[in-house]
Amino acid sequence: MPAKPPADLPVRWELSASPDGTAKLAFTGELDADSTPEAWHNLETEFKEIKVLSLEIEVRQLASCDSAGLALLYHLSVGGMTQGATINLTGLSPELQHLLHSFSSEDFQALQEHEPACSSLVEDVGTATWSWLSDLRQQVTFIGEVTLGVLAALFRPRRMRWKEVFRVFEVAGVNALPIVSLLTFLVGMVIAFESAQPLAQLGAQVFVANLLGLVMSRELGPVMAAIMLAGRSGSAFAAELGTMKVNEELNALETMGLSPVQFLVVQRVVAGLLLTPVLTIYAMYAGLLGGIPVLLGLGFPLRMVLHQVQSGLHFGDLAEGICKSIVFGGIVASVSCLRGIQTGEGPRAVGESTTRSVVSSILLIILSDAIIAALTYTLRK
Amino acid sequence: MSAAAKSLIEVRDLTIGYGDHLVLDGINFDVRRGEVFAILGASGSGKSTLLKHLIGLYQPMRGDVLISGASLAHAEGDDRMRILRKFGVLYQGGALFGSLTTVENVRLPLDEFTDLSTVAKDLIALSKLRLVGLESAATKLPADLSGGMQKRAGIARAIVMDPCLLFLDEPSAGLDPITSAGLDALIRELARGLGITFVMVTHELASIYSVADRVIMLDPKTRGIVAEGAPAWLRDHAPQPWVRHFLSREAA
């Protein structure tokens, strides 16, 4: 029963089977990665139709054979297509014979039987709890270390690396001005637009200016500035320290007797504490500026708008915003540095710690914002 | 066979550098089919940069690199793929993908470039792992392998598509002498057994004497090749005293 392979394949074979169960398979041509897949498939269907007890494979006429071809020959020679038959492979050159020895069905079996380790639910819960607790512990230690470091810097300012502080101040503060002003300007505009309509129904459109002043100074100025800081600079802190950890620079510091917190984190936290109030005041003004064109468009003269803002705002509102911003600045800088220091090993670790730094920063910003809001509300009463 | 037909790589007037800084100025050399070729030089002489130009990662400032007559720097699309398929590269740290197991790393080129069945791909990947002696580490993640094992897995991945040419970037760097000797033996076996041409950048003198057929020596001062030939011959007969010194110092 001779079977012909498709004419366009560079490899051809002749499969002849006799009724007593002996079969001969002879290859000619090129058995390579391009021709093997089809040859493999066709041979499989051809062997399904016949019963083979012993098979002679002859490859002397093969012009070339690569690893893919060898895989096919190996699969044939271990009875992958003819279960239970005795198989004889002849005509392989010594080099290919040597390579064929590197194929092994035990390895293949072992790979098939290997199942990826799967942990139980209890184990997962335990691991998660443990890592959460140890993270908490690390955070507490870290807060202590940073506080001590910042206090030490205050009492002995000469030992502080001020150059680094100014560099961070420039990168995280000055360079952030364009984006902070653009975003808060637009937010101010949107708030003015959105509040103008409902207030107009009450005939109180002029109070849009008061509202804008209050919202910007007490809430959105500090929060927007802090979120921008977290996304723009906090992530950079985490990536920077994370890369240093991966490159063993942190280990180098430690063995030199320098604490990474003292050497790297304190500068960033001090810079964060100093720059967020400045950035926040800037954000407040940009937000107000964004609202003014809208109010002018509604027909209010500039003098009136400014007067409304002035009369609606008190020193307490500004102070609240600035106090908040100092807290936020400390949180963003220290949490981002902590996430950077906690970076694990492997190529994804830096990415993970960057993500964690932004998520934790924003979460803590909103959380502390809520706490401060509740506190000031009770104090005012 | 003419001289041109025998050389697998032809480097012609290759000038490389960064910005205004010139690293190598107009160098010429050939790598012959089937030989183990080593690029030597002091630190900072541009060995690794030269290698990155040979494998087409960087564009030369002037000149060209021809791999079996075709220029990688000027090829695009399918032509470029055809040249890239001819060679494999072992990077310094192995450059295994950390999220894949060893066998998945080795199988990756097969998954991407062939239509083979899963059985065939697994068989081929495992056979390459057995060739480099890593069959028992098939299901481990790269992070769980030692440095030497990662390099061997890197070699397995580099030869899985049956390239005729293999580039090695500092194969012995960071390995102990025994592991490094094992790697040399593997290189010899692959070169003699499979007829693979090797181009390696190294400063491990022991491994140069044990595997390299020919070496070139780069000089950072003249920004060119100062010596070319068999390593043992250069050690004894190189015209420049410092080349003899370089080649005999550590080897003793």
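Owing to the predicted nature of the structure, the values given are computational and were not obtained by experimental measurement.

Cut-offs and rules
Residues numbered from 1 in each chain as written. Chains lettered and ligands numbered in written order. Predicted model: local features only at pLDDT ≥ 70, side-chain atom pairs only at ≥ 80, totals over all residues. Heavy atoms only, no water. Contact = heavy atoms within 4.5 Å. Buried area = accessible area lost by both parts, 1.4 Å probe. Salt bridge = Lys/Arg side-chain N within 4 Å of Asp/Glu carboxyl O. Polar contact = N/O pair within 3.5 Å; in protein donor to acceptor, adjacent residues only side chain to side chain. Helix = DSSP H or I, 4+ residues; strand = E, 2+ residues; numbered from the N terminus. Nonpolar A, V, L, I, M, F, W, Y, C, P; charged D, E, K, R; others polar. Patch = residues over 30% accessible without salt bridge, like charges linked within 9 Å, V, L, I, M, F, W, Y side chains within 5 Å. Areas by Shrake-Rupley, 256 points an atom, 1.4 Å probe, with all protein chains shown as cover. Buried < 20%, exposed > 50% of the residue type's maximum accessible area, 1.4 Å probe, protein only. Pairing = 2+ DSSP bridges. Axes fitted to C-alpha atoms, helices over the stretch in contact; angles between N-to-C directions. Domains from an automatic or database assignment.

For the rest of this paragraph, the subject is the interface of chain B and chain A. Many analyses report the size of an interface as the accessible area lost when the parts associate. At the interface, 23 residues of chain B touch 24 residues of chain A. Summed over both sides, the interface between chain B and chain A buries roughly 2000 Å², with carbon and sulfur atoms accounting for 70% of that surface. Along the contact surface separating chain B from chain A lie one salt bridge. When the shortest N-O distance is used, the salt bridge between A:Asp107 and B:Arg130 registers 2.9 Å. Counting across the chain B and chain A interface gives five residue pairs in polar contact (both at pLDDT 80 or more). Those elements that provide at least two residues to the side of chain B that touches chain A are helix H5 (118-131) and helix H7 (177-194) of chain B. If one sorts the elements of the side of chain B that touches chain A by residue count, H5(B) sits on top with 10 residues. Looking at the side of chain B that touches chain A, its residues break down into nine nonpolar, seven polar and seven charged.

Attention now moves to a nonpolar patch on the surface. Together, A:Trp132, A:Leu133, A:Leu136 and A:Val140 give the surface a local cluster of nonpolar side chains, amounting to about 420 Å² of exposed area. When you line up the elements, A:Trp132 lands in helix H5 (residues 121-155).

Residue and element names in this part refer to chain B. With five of five residues buried, strand E7 (residues 165-169) lies mostly within the body of the structure. Alternating positions in E7 separate into two faces, Leu165, Phe167 and Asp169 on one and Leu166 and Leu168 on the other, with burial throughout. Alignment of strand E6 (residues 87-90) against E7, held across four bridges, turns out to be parallel. Across the sheet, the residue bridging to phenylalanine 87 is leucine 165, located in E7. In this structure, E7 lies alongside strand E8 (residues 197-201), joined through five bridges in parallel fashion. Within E8, the position partnered with phenylalanine 167 by the bridge is valine 199.

Here we take up the sheet that holds strand E1 (residues 7-18) of chain B. Residue and element names in this part refer to chain B. An order of E2-E1-E4-E5 is seen for the four strands of this open sheet, with the pairing classed as antiparallel. Of all strands in the sheet, those bounded by a partner on one side alone are strand E2 (21-32) and strand E5 (70-71). Docked against the sheet, helix H2 (residues 47-54) engages E1, E2 and strand E4 (62-67), running at close to 120° with respect to E1.

What follows covers the domain arrangement of chain A. The domain architecture assigned to chain A consists of domain 1 (11-111) and domain 2 (132-380). Between the C-alpha centres of domain 1 of chain A and domain 2 of chain A there is a distance of 69 Å.

This part takes up the sheet that holds E8(B). All names here are of chain B. Taken in spatial order, the six strands line up as E6-E7-E8-E3-E9-E10 in an open sheet, and their pairing is mixed. Both edges of this open sheet fall to E6 and strand E10 (224-229), since each of them pairs with a single strand only. Here the strands of the sheet are splayed against their neighbours by 15° on average, with no regard to which way each runs. Where strand E9 (residues 214-219) lies against E10, five bridges are found, and the strand directions are antiparallel. Each bridged residue has a counterpart across the sheet, and for aspartate 219 the counterpart in E10 is glycine 224.

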